[in-house]
Each structure stands twice: as structure tokens, then as C-alpha cells.
Amino acid sequence: MSDLEDIDPFSDTLPFSDTLPYTINDDSDDSFEKEEENQLISINLNYQPEVKTQFCCQLDRDIHQGDFTIQITGAQKTTDNAGSTFITYTIKAGEQEVKRRYSEFESLRKSLMRLYPTLIVPPIPEKQSFVDYATMQGKAKEDITMIEKRKRMLQSFLNRVSKHPQLSGEHIFHKFMESNVSWNEVLHSYPLSSLPKNILQTSPANLSQSNVSPVNSSAHPPLLTPSPSQQLKKPDPKFIESEAFTRKFSNHISQNMEKTNKRIWKRLGDFSNDYAELGAIYNGFSLNESGDLANAIEKVGQAVDSTYVATGDLISSLEVEFTEPLQEYSQFASVIRQVLNYRHMKHLQMELIAETLEKQKVALDGLEKSEIEAKRIEEVLSNEHVSPASLFQENENNDNYENGHYEELFQNGDASQPTGSGHNKKLSGSKIFSVLSHTIHGIMDVDPEAARRNSIGKTRETIIQLEEALETTTEDLKKISLSIQNDLDRFQRQKIMNLKEMLIAYAKNHLKWCKKNLSNWEEAKAEVEKVQT
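These numbers were taken from a predicted model, which means no experiment stands behind them.

Student: Help me out: how do you make sense of the pairing of strand β2 (residues 85-93) in this one?
Tutor: With seven of nine residues buried, β2 lies mostly within the body of the structure. The pairing of strand β1 (residues 71-79) with β2 spans eight bridges and is classified as antiparallel. Paired with I72 across the bridge in β2 is I91. With six bridges joining them, β2 and strand β3 (residues 96-101) adopt antiparallel strand pairing. The residue bridging A93 from the neighbouring strand is Q96, located in β3. With antiparallel pairing between neighbouring strands as the criterion, β2 and β3 make up a hairpin whose turn holds two residues, including G94 at a positive phi of roughly 65 degrees.

Structural data, given as C-alpha cells:
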């Protein structure tokens with residue numbers, strides 16, 4: 001038995017490279033300053049999920065009891081009423097058997113992502129590219145190799161969901177595998193129909209009190225939505241590390257391993273084709289010779305043919321047991337980035353609400369100061385019995401007094417008789433004041449005091465709503481962080497076991513290829529040694 005087969009995936013200790021830098025910030029902003037909270041958390045590989053005792057349906061019971069496996073047993077070309085053709089995949093889950101098309105798998109996954117934005121929902125195989133459609137000349141949907149690959153990867157998706165501690169209990173997932181269920185009706189019924197288009201508008205559906213439905217938008221105004229281009233003012237350093245770790249993981253898988261593996265896979269294919277051609281050449285060459293030499297050449301040709309066959313088997317086995325899981329983990333890296341980005345946007349949302357709340361409080365303070373100043377002025381005017389009307393009457397009396405005084409002075413010889421133009425100018429000033437007084441009365445009819453008090457009332461209501469929203473988003477962020485942390489830990493345990501399986505399969509397939517080739521080439525060597533020289 002090889003050393004690889006002795007690896008214990010449930011070892012209590014783990015090297016540093018297998019420790020996730022994911023920690024939880026479920027305290028106040030002061031936690032950012034706590035140095036001890038920045039320590040790495042080791043993954044407990046002996047973790048065992050809780051045993052489920054309550055089930056929503058028989059399929060739920062089957063999934064959580066015993067060794068339950070979902071199979072995709074076939075793929076058939078189907079034509080709808082409109083004449084369009086597509087491939088349906090037959091799903092067998094316990095006693096249930098149903099046919100679903102690729103687009104329905106896609107909608108199931110999107111639904112799970114909307115219901116559980118804090119969980120790592122397993123990926124499904126990617127759609128065919130435009131290049132594939134172009135090269136296949138419209139027959140990409142009927143490509144047998146692509147269909148078989150989709151069967152395996154869609155089956156892996158269903159089984160990964162069925163083994164997830166939270167997703168496996170989702171009744172929508174069960175309905176997807178039940179016969180005589182219209183999937184279109186499921187998509188347009190509760191709880192999916194109650195979810196907002198923008199999941200940032202409410203609390204996460206899987207973390208709300210109802211555990212399946214979002215916050216009632218009629219009772220709670222929609223939350224503010226931040227711009228993705230905004231920067232966090234107080235980012236959580238632990239989740240910054242998580243994002244950096246995910247980027248490194250993605251680069252290792254997507255940019256390094258997957259690309260190199262594709263090149264090796266292609267070269268193995270070319271190698272296999274070359275050996276097929278070489279084997280035919282050796283076999284033809286043996287016909288031109290005779291005796292032991294002919295037998296030796298023929299045996300070498302058979303060994304070459306065996307290498308061609310063994311290489312083809314190696315390529316097929318590696319595709320199923322290594323290449324496809326590697327592609328899955330490349331997609332997993334993208335899924336983790338989406339989950340972390342959701343938390344990032346929720347953190348931005350909390351900061352935006354807090355900032356908006358502070359601005360509204362400043363605005364309310366200004367309005368209340370204006371209200372106090374207005375009341376003070378009103379009190380002063382009230383105490384002195386001054387009003388715009390009395391000011392107008394007093395101004396007219398002053399005009400009359402001044403005109404009479406001018407006449408008296410003129411009669412006593414103390415002043416010169418005012419000219420007509422000066423007198424007319426004084427009268428025109430009275431008219432101007434009369435117009436201004438009329439304008440003041442018109443402005444006062446708008447009642448600025450009522451408008452100001454209305455603004456104060458609305459601002460206070462807005463502040464109350466923002467305080468509630470801030471309390472909600474703060475609590476949401478704590479729950480989101482905890483949920484993401486738990487699922488990242490679960491994913492790490494899954495990743496370790498899966499990578500172990502992949503590496504063992506990689507080693508075993510190469511050992512099998514080498515042993516088979518060694519046996520054939522030893523036989524060819526023995527035959528060649530019989531040739532007399």
C-alpha cells in the first residue's frame with residue numbers, strides 16, 4: 001500500500017497552510033483594535049454536524065438518514081410544444097425520479113443563493129461558450145462528451161447540496177427532485193416570490209426569524225443600498241485576510257493548476273494519438289519481416305498499442321477523478337468571493353446608514369435651533385405689541401407728522417419751504433413702503449413656521465427609521481459574519497477531504513498506467529531478446 005493511502009483526513013493537527021485565516025467580528029467597532037482577535041482559527045477536522053430529528057417531507061428524511069446518494073441516470077433529447085429541442089437529465093433520488101433541464105438546475109442554484117446568501121452554494125458546470133457553439137455548428141447541445149460531463153457534474157452538485165447541513169433541509173431543493181411538481185410554479189410561489197430583487201434591501205432570508213422569509217418590506221422601509229465603488233471606512237481586518245486567502249486559493253487553482261493540467265491533458269491526448277499511429281506502423285513493418293525478428297517487431301507494436309489504450313484510459317480516469325473536481329474548486333473560489341462580497345456590501349450598507357443618520361441628526365439640530373430662535377423673536381414682538389400692521393400705521397403717522405412739522409417751521413421762518421419735488425419724493429417713499437408691507441403680508445400667508453415644524457417632524461421620523469435600520473443592519477452583520485465563518489470552516493473540511501481524494505486518484509491512475517505499460521513492455525523485451533544476432 002502506498003503512503004498516499006495512509007493519509008488520515010481526520011487528523012487532529014493541520015499544517016499552517018491548511019489553516020484558514022477566517023475569524024468572526026461579532027462585537028462593536030472596538031473589536032477592530034483587539035489584537036488577540038486577529039489570531040488564526042484552526043479548523044477542527046473532528047467536527048460532526050448535529051443529527052436532524054424533524055423533517056419536512058419523506059425525501060428530507062431519506063437524505064438525512066443513512067448513506068443517501070442522488071444519481072443522474074440518463075440524458076435524453078426532448079422537444080417542447082414550440083418545437084425547441086433541449087436535453088433533459090433524469091434524476092433518481094430514493095423513490096423519486098424526475099427529468100430536469102440544465103436551465104432548471106441553474107434556476108435552482110440561483111434560488112438557493114438568494115435564500116442563503118451567506119452560504120457557499122456548490123457550483124454547476126458552466127454553459128457552453130460561443131466558441132463551442134461555433135465549432136460544433138449548432139450541435140453543441142448534442143455533443144455526447146459534453147452531455148456526459150454535465151451528467152457527472154450536475155450529479156456532483158446535487159450530492160454536495162444534499163450533504164450541506166443547511167441547504168439539504170431546504171424544501172425547495174426537495175421539490176426539485178420530486179416527480180409531478182411544476183418547477184415553474186415553485187419559482188413563482190412562496191418563499192421565492194417574496195424575495196426582493198436586490199437582496200441587500202432586507203435581512204438575509206436564512207437568518208431572519210422566520211428562517212425562510214425576508215423582512216416584511218411593508219412594515220420596514222427598504223434599506224439604503226451602497227455603491228460597489230465605495231470604500232469601507234472601518235474594514236474588518238479578519239475578513240480582509242479572508243479575501244486575500246481566497247484570491248491566493250483562486251490563483252493556485254485557476255491560474256496555476258487548472259491551466260497546467262489542461263496542457264498536460266492535451267499533450268497526453270496527442271501522445272496517445274501518436275502511439276496509435278506508431279503501433280499501426282510497427283504492425284505493418286512486421287509483415288515485411290520473418291522469423292523471430294517479425295515476432296519481435298509485432299510484439300513491440302502490440303506494446304505500443306497497449307500504451308495507446310492505457311493512455312486513453314488514463315485521460316478518461318483523470319478527467320472524471322481529477323480534472324472535473326479541479327474545475328469545481330476553481331468555481332468554488334468564485335462562489336466564496338461572491339459570499340464575501342455580500343458581507344462587504346452589508347458592511348458598507350451599515351456605514352452608509354450610520355453616516356446618513358448622523359447627517360439627519362445635524363439637520364434636525366439646525367431646524368430645532370431655528371425653531372427656538374423664531375419663538376424667541378415672536379415672544380419679543382408679542383411683549384412689545386409690535387406687528388407689521390402697527391409698523392405700517394406708525395410709518396404713516398410719522399409721514400403726517402413730518403409734513404405738518406415742515407409747514408410749521410416754514411410759517412415760523414425757521415426753515416425754508418420744501419420744494420414740491422421733495423414733497424412728492426417723500427410721498428413716493430410711503431407708497432413704496434406700502435407695497436413692501438403688502439408683500440410681507442403675502443409671504444406670511446405661506447406660514448413658514450408650519451413648514452419648518454413639518455420639516456422637523458419628517459426629519460424626526462426619518463431618524464427613527466434610520467435608527468431602526470442601523471440596529472437591524474448591525475445585528476445582520478454579526479449574524480452574516482458568523483454564518484459565513486461557519487460555512488467557510490465547513491468548506492475547508494470538505495476541501496481537505498476532496499483534495500486528498502483527488503491526489504490519491506491522481507497517483508493511483510498513474511500507478512495503474514505505469515504497471516500496465518511495464519507488463520506489456522517486459523513481454524516485448526523478452527520477445528526482442530529471442531532474436532538471434
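So, next bit.
Student: What am I meant to see in the packing of aromatic side chains here?
Tutor: How two aromatic rings sit relative to each other is given by the distance of their centres and the angle of their planes. This structure, assessed with the given rule, holds 10 aromatic pairs. With a centroid separation of 5.0 Å and an interplanar angle of 80 degrees, the aromatic rings of F176 and W183 are classed as edge-to-face. Here F176 and W183 have matching classes, each one buried. Feature note: the residues Y89, F105, F176 and W183 constitute an aromatic cluster, connected by ring pairs. Here the guanidinium or amino end of R150 rests over the ring plane of Y102, the centre of that ring lying 4.0 Å away. Looking at R343, its charged tip hangs above the ring of F239, at a distance of 4.1 Å from the centre.

Student: How should the nonpolar core be read in this particular structure?
Tutor: One broad trend across soluble globular proteins is that nonpolar side chains are buried collectively. Judged by nonpolar contacts, the single largest core of 36 residues is most densely connected at I91, F105, L108, L158 and M177. Where this core is concerned, the elements lending two or more residues are α1 (58-64), β2, α2 (102-115), α4 (144-162), α5 (171-176) and α6 (183-187). Among the elements that line this core, the one with the most residues is α4, at six residues. In contact with M177, other than residues within four places in its own chain, are L59, I63, I70, I91, A93, Q96 and V98. In this structure, L318, V339, M345 and I480 belong to the second largest nonpolar core, which totals 27 residues.

Student: Explain a positive patch on the surface here, please?
Tutor: Taken together, the side chains of K259, K262, R263 and R267 define a basic patch exposed on the protein surface. Relative to the helices and strands, R263 resides in helix α7 (residues 237-286). According to the relative accessible area criterion, R263 is partly exposed, its value standing at 44%.

Student: Sorry, what's going on with the pattern of salt bridges here?
Tutor: Proximity of charged atoms lets side chains of opposite charge pair with each other. Scanning the model with the defined rule gives 19 salt bridges in all. With its nearest N and O atoms 3.9 Å apart, the salt bridge here joins K516 to D313. Taken together, the residues span a long stretch of sequence, with K516 in helix α11 (residues 448-529) and D313 in helix α8 (residues 291-383) at a distance of 203 residues. Residue class for K516 comes out partly exposed when judged on its relative accessible area of 37%. Put simply, K233, E355 and K359 are held in one network by salt bridges that share partners.

Student: Please explain the sheet that holds β3 as it appears in this structure.
Tutor: The strands making up a sheet associate through hydrogen bonds between their backbones, and the pairing can be parallel or antiparallel. Pairing is antiparallel across the open sheet formed by three strands, whose spatial order is β1-β2-β3. Strands with a single pairing partner mark the edges of an open sheet, and in this sheet they are β1 and β3. Averaged over all pairs of adjacent strands, the angle between strand axes in this sheet comes to 25 degrees, irrespective of strand direction. α2 rests against β1, β2 and β3 of the sheet, and its axis sits at about 100 degrees to β3. On top of the sheet, α4 reaches β1 and β2; it is set at about 130 degrees to β1, its chief contact.

Student: It is not clear to me how the packing of α7 against α11 should be interpreted in this structure. Could you clarify?
Tutor: Two quantities define a packed helix pair, namely the angle between the axes and the distance from one axis to the other. The geometry of α7 relative to α11 is characterised by a closest axis approach of 14 Å and an angle of 20 degrees between their N-to-C directions. Put simply, α7 runs roughly parallel to α11. Once α7 is placed against α11, the crossing between them reads as left-handed. Contacts between α7 and α11 pair F239, F245, F249, F271 and Y275 from the former with S481, I484, F491, K495, W513 and W521 from the latter. Its residues assigned to classes, the contact of α7 with α11 comprises nine nonpolar, one polar and one charged.

Student: What is the right way to look at α7 in this model?
Tutor: Residues spaced three or four apart along an α-helix point in a common direction, a consequence of the helix completing one turn every 3.6 residues. The end-to-end C-alpha distance of α7, which contains 50 residues, comes to 71 Å, matching closely the 74 Å that a straight helix rising 1.5 Å per residue would cover. Maximal helix bending in α7 amounts to about 30 degrees, located at M257.

Student: Help me understand the confidence of the model for the protein, please; the structure alone is not making it clear to me.
Tutor: Interpretation of the predicted coordinates at a detailed level should be avoided for regions scoring low in pLDDT. Summary statistics for the protein give a mean pLDDT of 80 and a share of 74% for residues scoring 70 or more. Contacts for the low-pLDDT stretch residues 210-219, under 50 throughout, to residues beyond four places or in other chains number 18 contacts. A low-confidence stretch, residues 399-427 (pLDDT under 50), is modelled with 11 contacts involving residues beyond four sequence positions or located in other chains.

Definitions and cut-offs
- Residues numbered from 1 in each chain as written.
- Predicted model: local features only at pLDDT ≥ 70, side-chain atom pairs only at ≥ 80, totals over all residues.
- Heavy atoms only, no water.
- Buried < 20%, exposed > 50% of the residue type's maximum accessible area, 1.4 Å probe, protein only.
- Helix = DSSP H or I, 4+ residues; strand = E, 2+ residues; numbered from the N terminus.
- Pairing = 2+ DSSP bridges.
- Phe/Tyr/Trp six-rings, centres within 6.5 Å; stacked < 30°, edge-to-face > 60°.
- Lys NZ or Arg CZ within 6 Å of the ring centre and 35° of its normal.
- Core = buried A, V, L, I, M, F, W, Y, C linked by side-chain atoms within 4.5 Å.
- Contact = heavy atoms within 4.5 Å.
- Patch = residues over 30% accessible without salt bridge, like charges linked within 9 Å, V, L, I, M, F, W, Y side chains within 5 Å.
- Areas by Shrake-Rupley, 256 points an atom, 1.4 Å probe, with all protein chains shown as cover.
- Salt bridge = Lys/Arg side-chain N within 4 Å of Asp/Glu carboxyl O.
- Lys, Arg positive; Asp, Glu negative; His and termini not counted.
- Charge placed at Lys NZ, Arg CZ, Asp CG, Glu CD.
- Axes fitted to C-alpha atoms, helices over the stretch in contact; angles between N-to-C directions.
- Parallel < 35°, antiparallel > 145°, perpendicular 65-115°, else oblique.
- Left-handed = near helix turned anticlockwise from the far one by under 90°.
- Nonpolar A, V, L, I, M, F, W, Y, C, P; charged D, E, K, R; others polar.
- Expected span 1.5 Å × (residues − 1).
- Bend = angle between axes of the 7 residues up to and from the residue.
- pLDDT = per-residue confidence, 0-100.

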